[in-house]
Amino acid sequence: MATTRLIPLHAGRGRSVGTAIANIIDYAKNPQKTDNWRLISSYACDSRTADAEFALAKREYAAKTGRIRGSDDVIAYHTRQSFKPGEVTPEEANQIGQELAMSLTKGNNAFIVCTHIDRDHVHNHIIFNSTNIDCTRKFRNFLGSSWALRRISDTLCVKHGLSIIEDPKPSRGHYGMWMGEGKKPSFQERLRQMIDEALEQKPKDFAAFLNLLKGAGIAVDTSGKHIKLRLPDQKRNTRMDTLRGSHTEAAVRERITGKRESPNRKHAADEPKQKIGLLVDIEAAIRDGKGKGYEHWARVHNLKQLSQAVIYLKEHGDMSYEELAEKTTAAMSRFGDLQDRIKTTEMQMADNSALQKHIVSYVKTREVYAAYKKSGYSKKFKAEHEGDILIHQAAKKAFDTLGADKLPSVKSLREQYTMLLTDKKKAYTGYKKAKEEMRELMTLKANVDSLFGPNAARSNREETRG
């Protein structure tokens with residue numbers, strides 16, 4: 001995964017703070033890129049009104065602190081994440097983006113995470129308010145922030161079982177270009193690869209290993225305290241001890257004697273589980289004009305899928321069709337329950353965020369509205385303070401709709417929001433697993449139905465009674 005630097009955003013000349021924030025957030029929220037806003041999440045703000053809430057927080061910050069900057073003021077921060085194609089689902093990418101933003105801001109700043117799926121690689125746009133939630137301080141960029149951001153991001157990727165760029169190089173190109181550039185490997189990377197290739201030939205001892213390296217064109221210098229290696233197109237030697245990990249002299253000696261395993265060796269438990277795919281309707285494909293090549297591929301594909309189905313049923317105690325159907329139904333129900341739980345939590349989070357916004361707006365405009373009331377609802381006064389009066393009235397209307405005798409405090413709402421976010425994250429963990437299990441069982445059952453037809457269950461019962 002790649003993470004670009006932390007980019008400070010400024011209003012600039014000729015633009016208001018609200019316009020500047022709206023421009024970047026509107027781009028990030030593009031419905032064509034975020035699956036009609038489905039892949040958008042937020043913290044301490046409503047994603048639908050995040051730009052207005054960011055701007056409102058800045059006005060409150062200025063009122064509380066008296067600090068007002070010009071066009072060079074940092075109004076928000078923006079960073080992007082790119083994931084390796086096919087390695088992560090959009091939902092998981094969005095979750096990782098939330099965790100990254102939360103770790104970086106320590107939960108002190110409102111943020112929005114928009115996951116884009118318009119390119120081959122899924123990527124996040126993360127925008128967080130420079131003003132803290134309590135509107136008394138600002139996030140200060142610091143020397144090495146991009147390095148810190150990358151470290152947090154890499155840690156999260158490893159936690160989620162995703163690949164990372166182990167030795168990122170500074171680049172002025174587009175943030176997603178690293179995916180397909182195919183950069184030339186470094187001398188150390190090439191030496192590690194050639195060491196692995198030499199060890200695959202099972203040398204009997206370390207001297208035989210060095211001879212294999214020499215035979216591959218590597219210059220080997222054993223005259224000093226440390227062994228040095230040099231490729232044909234390399235000007236300076238590379239000390240073997242600097243190759244780190246399983247490629248230092250000591251590590252290679254242990255690999256030769258069997259005390260250390262190759263880092264590339266795969267165990268049966270580490271092998272990725274082969275997914276079950278749907279059977280192909282070969283007859284329909286032939287009618288549609290598919291050629292002999294496609295027919296051959298389809299037959300092989302179907303055989304593989306049926307083999308996987310048989311293996312699955314055997315591994316689960318010779319599962320009957322009825323048991324398969326019951327298990328499929330249960331998996332669908334479990335997935336549906338988690339999906340409903342996540343949607344309910346998201347609605348509660350949205351309501352919580354909206355209420356926080358109304359309370360802040362109400363408090364901020366209370367004095368203006370009191371003066372308006374004292375003026376006998378003067379039209380002149382209203383014209384001069386129309387914005388604050390409308391905001392106050394909207395907040396009051398929202399409170400009346402709730403029908404509560406006493407409004408909760410903003411602090412308690414934020415605590416509740418944090419609890420809801422935690423619950424949502426827990427649900428997402430089970431959601432991904434439940435979705436995969438449901439997909440596998442539904443595919444398996446569809447293949448069995450295709451093979452035996454709609455009477456599979458009845459035939460199975462008759463064979464059991466027989």
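The shown structure was predicted, so the numbers you read here are calculated from the model rather than taken from an experiment. Sequence order as written defines residue numbering, which begins from 1 separately in each chain. Only residues with pLDDT of 70 or above have their local features reported here, since the model is predicted, and side-chain atom pairs are shown and tallied only from 80 upward, although totals for entire chains, interfaces and linings are computed over all residues. Side-chain metrics in this entry use all non-hydrogen atoms of the structure; hydrogen atoms and water are not considered.

Engineer: Even after reading the chapter, I still don't get the environment of Gln 81, so can you show me in this structure?
Structural biologist: Under the DSSP-based scheme used, a helix requires at least four consecutive residues in state H or I and a strand at least two consecutive residues in state E, with every element numbered from the N terminus. Structurally, Gln 81 can be placed in strand β4 (residues 74–82). Since its relative accessible area comes to 0%, Gln 81 is described here as buried. Between the alpha carbons of Gln 81 and Ile 96 there is a distance of 9.4 Å; along the sequence they are 15 residues apart. The buried label goes to any residue with under 20% of its type's maximum accessible area, the exposed label to any with over 50%, and the partly exposed label to all in between, with areas taken from a 1.4 Å probe on protein chains only.

Engineer: What should I look at first to understand the sheet that holds strand β8 (residues 228–230) in this one?
Structural biologist: Consider a sheet: its strands pair through backbone hydrogen bonds, and that pairing is either parallel or antiparallel. When DSSP finds two or more bridges between a pair of strands, those strands are recorded as paired. As summarised here, the arrangement of the 3 strands in space is β7-β8-β9, forming an open sheet in which the pairing is antiparallel. Both outer strands of the open sheet, β7 (219–221) and β9 (238–239), are each paired with one neighbouring strand and no more. Direction of pairing for β7 relative to β8: antiparallel, over a ladder of 3 bridges. Of the residues in β8, the one forming a bridge with Asp 221 is Lys 228.

Engineer: Before we go on, may I ask you to explain the packing of aromatic side chains in this structure?
Structural biologist: Where two aromatic rings form a pair, the distance of their centres and the angle of their planes describe that pair. Two rings from Phe, Tyr or Trp (for Trp, the six-membered ring) form a pair when their centres sit within 6.5 Å of each other. Planes less than 30 degrees apart are called stacked, planes more than 60 degrees apart edge-to-face, and all others tilted. On inspection of all chains with the given rule, the structure shows 12 aromatic pairs. Pairing Tyr 43 with Tyr 417 gives two aromatic rings, centres 5.7 Å apart and planes at 70 degrees, and the pair type is edge-to-face. Of this pair, Tyr 43 sits in strand β3 (residues 40–43) while Tyr 417 sits in helix α13 (residues 410–452), and the two are 374 residues apart along the sequence. The exposure classification of Tyr 43 matches that of Tyr 417, with both residues buried. Ring plane angle 80 degrees and centroid distance 5.7 Å describe the contact between Tyr 428 and Tyr 431, whose orientation is recorded as edge-to-face. Of this pair, Tyr 428 and Tyr 431 both sit in helix α13, separated by 3 residues, roughly a single helical turn. The residues Tyr 428 and Tyr 431 share a single accessibility class, namely buried. Site record: aromatic cluster; members linked through ring pairs are Tyr 369, Tyr 372, Tyr 377 and Phe 381. Sitting over the ring of Phe 206, Arg 253 keeps its end group 3.9 Å from the ring centre. Charges are assigned to positions over rings by a cutoff of 6 Å between ring centre and Lys NZ or Arg CZ, combined with an angular limit of 35 degrees from the ring normal.

Engineer: Please clarify how the environment of Lys 58 should be interpreted in this entry.
Structural biologist: Relative to the elements of secondary structure, Lys 58 occurs in helix α2 (residues 50–65). Residue Lys 58 is classed as buried on the basis of its relative accessible area, which comes to 11%. Sequence separation between Lys 58 and Thr 131 is 73 residues; the distance between their C-alpha atoms is 6.4 Å. The contact partners of Lys 58, leaving out residues within four places of it in the chain, are Val 17, Ile 21, Ile 75, Asn 129, Ser 130 and Thr 131. Note on contacts: a residue pair qualifies if any of its non-hydrogen atoms lie within 4.5 Å across the two residues.

Engineer: Explain unusual backbone geometry here, please?
Structural biologist: Outside of glycine, negative phi angles account for most residues, and trans bonds account for most peptide bonds. We note that Lys 106 has phi near 60 degrees; this positive angle belongs to a residue other than glycine. Residue placement: Lys 106 occurs in the loop between α3 (90–105) and β5 (111–116).

Engineer: Mind showing me how you'd approach the pairing of β5 here?
Structural biologist: As a general feature of sheets, a regular strand has side chains that alternate between the two faces. Within β5, 6 of the 6 residues are buried, leaving the element largely enclosed by the surrounding structure. The alternating pattern of β5 places Phe 111, Val 113 and Thr 115 on one face and Ile 112, Cys 114 and His 116 on the opposite face, and all of these are buried. In terms of strand pairing, β3 meets β5 through 4 bridges, oriented antiparallel. Each residue of the ladder has a partner; that of Ile 40, found in β5, is Cys 114. The pairing of β5 with strand β6 (residues 123–129) spans 6 bridges and is antiparallel. Bridged to His 116 within β6 is His 123. Between the antiparallel neighbours β5 and β6 lie 6 residues.

Engineer: Mind showing me how you'd approach the packing of helix α1 (residues 17–28) against α2 here?
Structural biologist: In helix packing, the relevant descriptors are the interaxial angle and the interaxial distance, both defined with respect to the helix axes. Between the N-to-C directions of two axes lies an angle of 0 to 180 degrees, each axis being a line fitted to C-alpha atoms and, for a helix, fitted only over the stretch in contact. α2 packs onto α1 with a crossing angle of 145 degrees between their chain directions and a minimal axis gap of 9 Å. Here α1 and α2 pass one another in a crossing that is right-handed. In this structure, α1 uses Val 17, Gly 18, Ile 21, Ala 22 and Ile 25 to contact α2, whose residues at the interface are Ala 50, Asp 51, Phe 54, Ala 55 and Lys 58. A breakdown of the residues in the contact of α1 with α2 according to their chemical character gives 7 nonpolar, 1 polar and 2 charged. Left-handed describes a crossing whose near helix is turned anticlockwise from the far helix through less than a right angle; right-handed describes the clockwise counterpart. Just so you know the grouping, Ala, Val, Leu, Ile, Met, Phe, Trp, Tyr, Cys and Pro go in nonpolar, Asp, Glu, Lys and Arg go in charged, and all remaining residues, Gly too, go in polar.

Engineer: Explain the pattern of salt bridges to me, please; I cannot follow it from the model alone.
Structural biologist: Salt bridges are defined as contacts in which a side-chain nitrogen from Lys or Arg sits within 4 Å of a carboxyl oxygen from Asp or Glu. Going through the model one piece at a time under the given rule, you end up with 17 salt bridges. The partner of Arg 439 in a salt bridge is Glu 436, with the nearest N and O atoms 3.6 Å apart. Taken together, the positions of Arg 439 and Glu 436, both in helix α13 and 3 residues apart, correspond to about one turn of that helix. In this structure Glu 436 comes out as partly exposed when scored by relative accessible area, which is 34%. Among the charged side chains, a network of salt bridges with common partners joins Asp 35, Arg 38 and Glu 91.

Engineer: How should the packing of helix α10 (residues 321–374) against helix α12 (residues 386–402) be read in this particular structure?
Structural biologist: One way to put it is that α10 packs onto α12 with a least axis distance of 7 Å and a crossing angle of 125 degrees. On the basis of the axis angle, α10 is oblique to α12. By crossing handedness, the relation of α10 to α12 is classed as left-handed. Listed contacts from α12 to Leu 355, His 358, Ile 359, Ser 361, Tyr 362, Thr 365, Arg 366, Val 368, Tyr 369 and Tyr 372 of α10 are Asp 388, Ile 389, Ile 391, His 392, Gln 393, Ala 394, Ala 395, Lys 396, Ala 398, Phe 399 and Leu 402. Per-class residue counts for the contact of α10 with α12 are 13 nonpolar, 5 polar and 3 charged. Any angle between 65 and 115 degrees counts as roughly perpendicular, while under 35 counts as roughly parallel, over 145 as roughly antiparallel, and the rest as oblique.

Engineer: So what exactly am I meant to see when it comes to the pairing of β6 here?
Structural biologist: Most of β6 is tucked away, with 7 of its 7 residues classed as buried. Residues of β6 alternate between two faces, with His 123, His 125, Ile 127 and Asn 129 on one and Asn 124, Ile 126 and Phe 128 on the opposite face, all of them buried. Both β4 and β6 contribute to a ladder of 7 bridges, which runs antiparallel. What sits directly across from Tyr 77, in β6, is Phe 128.

Engineer: What's the story with α10 in this structure? I'm lost.
Structural biologist: Quick reminder: α-helices carry 3.6 residues per turn. Residues three or four places apart thus point the same way. Expected helix span is taken as 1.5 Å per residue step, with the number of steps being one fewer than the number of residues. Look at α10: 77 Å from first C-alpha to last across 54 residues, which is about the 80 Å you get at 1.5 Å a residue. At every residue, the bend is computed as the angle between two fitted axes, covering the seven residues ending there and the seven beginning there respectively. The sharpest bend along α10 measures roughly 50 degrees and falls at Arg 366. Just downstream of α10, Gly 376 is the residue with a positive phi angle, here 75 degrees.

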